[in-house]
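Fold and contact review
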Amino acid sequence: MTHPSEVIAAAWLPVVALALVDEAGRLLLQQRPVGKHHGGLWEFPGGKVDAGESPREALAREISEELGIAVKPADCTALLLAEEAREEQRPVVLMLYQATRWHGSPRGCEGQSWGWFTREQALDLPLAPMDRDFVKRMSI
Ligand SMILES: Nc1nc2c([nH]c(=O)n2[C@@H]2O[C@H](COP(=O)(O)OP(=O)(O)OP(=O)(O)O)[C@@H](O)[C@H]2O)c(=O)[nH]1
């Protein structure tokens, strides 16, 4: 029998993203590769939740793959939620978490541009739509 969670996953795409906040209150943002959905726009690091993963497990995996740093799932706090329709594809449901603790120094493991930005600097970037909404709603 099909489990209800499989039916849900077939109808929408669960994506997690992490707002890493440094001691100065800046946010880590990275640029999406050109040619992909939202190519060239800036976003929080993260990605799709794989089958069998919890959102926080997916975050820890994606952050390690993309930035080469270790974040403990328990240090990621759920923050905000947004949803975006896509033509001919499942809508994305983006879950934003926040962390102020990690191990290691971030680097662009996938060749992406990235940096630390104040809220105002972030809002001056060409952000992905849901990410712009998140930064506006954040109280850092
Ligand atoms: N990781 C991430 N994805 C975001 C953000 N905002 C946002 O709209 N998305 C969208 O969420 C979807 C899934 O993200 P992803 O990073 O796994 O996408 P991808 O195309 O790189 O997947 P792939 O690694 O399987 O090729 C993409 O359509 C992406 O544009 C964000 O802040 N972080």
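The rules behind these values
- All residue numbers here refer to positions counted from 1 along the written sequence of the relevant chain.
- Local features in this predicted model are restricted to residues whose pLDDT is 70 or higher, and side-chain atom pairs enter the listing and the counts only when it is 80 or higher, whereas totals over whole chains, interfaces and linings include all residues.
- Side-chain calculation: all heavy atoms of the structure are included, whereas hydrogens and water are not.
- Two strands make a pair as long as DSSP finds a minimum of two bridges between them.
- In DSSP terms, a helix is any run of H or I states spanning at least four residues, a strand is any run of E spanning at least two, and both are numbered starting from the N terminus.
- Remark: nonpolar core denotes a set of buried residues (Ala, Val, Leu, Ile, Met, Phe, Trp, Tyr, Cys) joined through side-chain atoms within 4.5 Å.
- Partly exposed describes any residue whose relative accessible area lies between the buried limit of under 20% and the exposed limit of over 50%, with all areas from a 1.4 Å probe on protein chains only and scaled to the type maximum.
- Contacts were defined at the residue level, with two residues in contact if any of their heavy atoms lie within 4.5 Å.
- Lines are fitted to the C-alpha atoms to define the axes, a helix being fitted only along its stretch in contact, and any angle between axes, read from their N-to-C directions, falls within 0 to 180 degrees.

So, the sheet that holds strand E7 (residues 114-117)
Strand order in the open sheet formed by three strands is E3-E2-E7, and the pairing between neighbours is antiparallel. Since the sheet does not close on itself, it has two edges, and those belong to strand E3 (42-43) and E7, each with one partner. By the bridge criterion, two bridges tie strand E2 (residues 27-31) to E3 in an arrangement that is antiparallel. Among the inter-strand pairings, Gln30 is bridged to a residue of E3, identified as Glu43.

Some details on the nonpolar core
Core analysis: the biggest nonpolar cluster contains 22 residues, and Leu27, Leu29, Phe44, Leu94, Leu96, Phe134 and Met138 have the highest contact counts within it. Secondary structure elements with two or more residues in this core: strand E1 (13-20), E2, strand E5 (77-86), strand E6 (89-99) and helix H4 (129-137). The element contributing the most residues to this core is E1, with four residues. Excluding residues that lie within four positions of it along the chain, Met138 makes contacts with Ala19, Leu27, Phe44, Leu79, Leu80, Leu96, Gln98 and Arg119. Counting 16 residues, the second-largest nonpolar core is a separate cluster that includes Val16, Leu18, Ala58 and Tyr97.

Quick notes on the sheet that holds E6
The strands that make up a sheet pair up through hydrogen bonds in the backbone, lying either parallel or antiparallel. Read across the sheet, four strands follow the order E4-E1-E6-E5 without closing on themselves; strand pairing throughout is mixed. A strand with exactly one partner marks an edge of an open sheet, and here the two such strands are strand E4 (46-48) and E5. Along the sheet, successive strands turn relative to each other by an average axial angle of 20 degrees, direction set aside. Judged from the eight bridges that link them, E1 and E6 form a sheet pairing that is parallel. When the sheet's bridge partners are listed, Ala17 is paired in E6 with Leu96.

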